[in-house]
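# Inside the fold
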Amino acid sequence: MKNFFKRNNIIAELFAIGLFLLYMLPFLMVIINASKPVLDIIMDPLSLPESPTQFITNVQAVMDSPVVRYASSFLSSTIITVISVTLLVIISSMAAWVLVRTKSGLSTAIFMLFVAAMVIPFQVVMFPLISWFHRIESVTGLLNTPFRLLQNYPGIIFAYMGFGSSLSIFLYHGFIKSVPLELEEAANIDGCTKAGTFFRIVFPILKPITVTVIILNGIWIWNDYLLPFIVLGAGNDVQTLPLAVANFVGSFVRRWDLILTSTLMAMLPIVIVFLFLQKHIIKGMVEGSVKG
Amino acid sequence: MKHKSGKHSPIFYAFLFPALFSFAFVIVIPFFLGIYYSFTDWTAMTGTNVNWVGFANYTAVFNDVTFLHSFLVTVAFAVINIVVVNVVAFGFALLVTSKLKLKNMYRAAFFMPNLIGGIILGYIWQFIFNNAITAFGASIGSEFLATSLLANRFWALLAIVVVVTWQNAGYIMMIYVAAIQSAPAALLEAAHIDGANYWQRLRHILVPLVAPAFTVSLFLTLVRSFQQFDVNMALTAGGPSGMFMDRALPTTEFLALNIFNTAFAFRELAQGQAKSVIFFITLTVIALVQVYFNKRKEIEM
């Protein structure tokens, strides 16, 4: 009997390792073929790379590509993600705090409005959003300034603030409800202003949920394709990494050597972050959507 | 903080303003504009008038065979995808909560595809289906595998299921992991001592215990299946084309991609808007059914 279980365990272990390898196979295919010249890929996608320097040649080609503009796309993706997430954390925690601490019909109604909006798919608002942004630009005279909305940072960051606020406020709202009032009352008695109470006392307490909000919004914004496509457009100065890769695929007739290298370079930053912050990321992402 | 008279302090409005302003500006206004545009001949061209056309766009949409097909193919995809993703995810959850030596590594590996955008995954898998699997098929002399699976409408649909499962199973897995870990170990142990084998324990004790996680996961996969866009676009772009009700159309074009193409490829903005309103109503119905289910469960508990 004991032997039977031992053997079963070994079978389970082997099965799991097999499954693991199968699951990682697509990544392996990308790495192998990103290290080969295009002719070798067409001849046999399953062969191993021959030249150890080909990968560097491919990376160089992607870097130099005027369509991908890797360095500038990477920078744009970073700027958009970091600023949008930072602003989302600030505005959502502030809004959720006053919504929890003010008991009134108006407060409840506003919160319900934010929650109800989560069911609105992006497709319903995306076409009107462009023409609405365009109209605002034209009417306010922002169009020919560095602060124009479309094809530029302010518009897309502003859009992410709007689209991210519902879930973020919902998450903060749930967390703040369980934060005891006593601390805030004590701060109030000690003469702390309300804004001061929030930023010095309350906000630091919110750290666990802030981590969740950062991870959820960060990964969403970093990977998002449709919103950047709508607001930034294809092939303009400001482009995110997913946009850059999609443009690249569209502009080449299946140059798989460069396409796969570009996908690898687009994945790498987030995979590296994941390896360091695994536990936080898994927990944050699962918590966020189960509640939402 | 409580204000008996004049409930709302200036801080209330000041702290709410940035979130409410961006929310109203980006979602509320475009949402109502969008519903209005769906009843007009809107083209988004500057200088053209927007005229009220009543239900003309909706009539056109209901007579649009491509939209009907997209709706049906999305439903088919959703049904297959819900089953496959949840079965795989639950299997993974059992694996990573077992006594396996490398279970933490497996957990991270199964979760990883979830972090990468659907557009990028779609291109990678397009290469795998069009090049790698065909090369493998040719080398083992299998004619079936030597031609790309993406060239056949049914296999192409299943190919999307495979990629979406690969992307999402690790995520749904974590929901089941949380449920399994919070299931009382004493119950399982007692059954073990009473001589119940692994399958009996699974079927009669663990599965009923994690039932709430099933409801959560089913709706999550349902909503995500309906909203699927990125992988659909990057992997098949709606192809291959085939016949439906005597019309040639893209056979794996889901609702979100159909709406996108109506507006961008065919420049029928108002009609695309009408389609998206129908899309919104469909998702709202799903959400309401979910709320109903959750409410009923709370009562039972």
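Residues numbered from 1 in each chain as written. Chains lettered and ligands numbered in written order. Predicted model: local features only at pLDDT ≥ 70, side-chain atom pairs only at ≥ 80, totals over all residues.

### Considerations on the overall build of chain B
Tallying secondary structure elements over chain B gives 13 helices and two strands in all. In terms of overall dimensions, chain B has a C-alpha envelope of 80 × 75 × 30 Å along the principal axes. Relative to its 301 residues, chain B shows a buried fraction of 41%. Expressed as a percentage of contacts within chain B between residues at least 6 apart in sequence, the contacts between residues at least 24 apart total 71%. (Helix = DSSP H or I, 4+ residues; strand = E, 2+ residues; numbered from the N terminus. Buried ≥ 20, exposed ≤ 12 C-beta atoms within 10 Å, placed from the backbone. Contact = placed C-beta atoms within 7 Å.)

### Details of the overall build of chain A
Along the backbone of chain A there are 13 helices and zero strands. Starting at the N terminus and walking to the C terminus, you meet the elements of chain A as α-α-α-α-α-α-α-α-α-α-α-α-α. With the C-alpha coordinates aligned to their principal axes, the bounding extent of chain A is approximately 75 × 75 × 35 Å. In chain A, which comprises 292 residues, the share counted as buried stands at 41%.

### Some points on the interface of chain A and chain B
How big an interface is tends to be stated in terms of accessible area lost as the parts join. Contact residues are listed per partner, giving 70 residues for chain A and 68 residues for chain B. If you tally residues by element for the side of chain A that touches chain B, the top one is helix 13 (residues 256-291) of chain A, at 15 residues. In terms of residue class, the side of chain A that touches chain B is made up of 53 nonpolar, 11 polar and six charged. (Nonpolar A, V, L, I, M, F, W, Y, C, P; charged D, E, K, R; others polar.)

### Regarding the nonpolar core
Counting 153 residues, the largest nonpolar core has Ala95 and Val245 of chain A together with Met173 and Tyr176 of chain B as its most contacted members. Of all the elements, helix 7 (residues 153-182) of chain B adds the most residues to this core, at 16 residues. Both of domain 1 (2-55) and domain 2 (65-251) of chain A provide at least three residues apiece to this core. For Tyr176 of chain B, the contacting residues outside a window of four places in its chain are Ala89, Phe90, Ala93, Val210 and Ala213 of chain B. (Core = buried A, V, L, I, M, F, W, Y, C linked by C-beta atoms within 7 Å. Domains from an automatic or database assignment.)

### Re the domain arrangement of chain A
Partitioning chain A into domains gives domain 1 (2-55) and domain 2 (65-251). On a C-alpha basis, the centroid separation for the pair domain 1 of chain A and domain 2 of chain A is 39 Å.

### Quick notes on the pairing of strand 2 (residues 247-250) of chain B
Residue and element names in this part refer to chain B. Two elements, strand 1 (residues 241-244) and strand 2, share four bridges in a ladder whose sense is antiparallel. The partner of Phe244 across the bridge, within strand 2, is Arg247. Following strand 1, the chain reverses through two residues before pairing antiparallel with strand 2; Met245 in that reversal takes a positive phi of roughly 50°. (Pairing = 2+ DSSP bridges.)

### What to know about the environment of Leu149 of chain A
Mapping Leu149 of chain A onto the fold places it in the loop between helix 6 (122-140) and helix 7 (153-176). The sequence separation of Leu149 of chain A and Gly105 of chain A amounts to 44 residues, and the corresponding C-alpha distance is 35 Å.

### Considering the packing of helix 5 (residues 105-116) of chain A against helix 7 of chain A
A pair of packed helices can be characterised by two numbers: the angle between their axes and the separation between those axes. Residues and elements named next belong to chain A. Remark: helix 5 packs on helix 7, axes separated minimally by 8 Å, with the N-to-C direction vectors making an angle of 125°. If you check the angle between helix 5 and helix 7, you find them oblique. You can see that helix 5 and helix 7 cross each other, and the crossing is left-handed. Packed against helix 5, whose contacting residues are Phe111, Phe114 and Val115, the element helix 7 presents Ser165, Ser166, Ile169, Phe170 and His173 at the interface. (Axes fitted to C-alpha atoms, helices over the stretch in contact; angles between N-to-C directions. Parallel < 35°, antiparallel > 145°, perpendicular 65-115°, else oblique. Left-handed = near helix turned anticlockwise from the far one by under 90°.)

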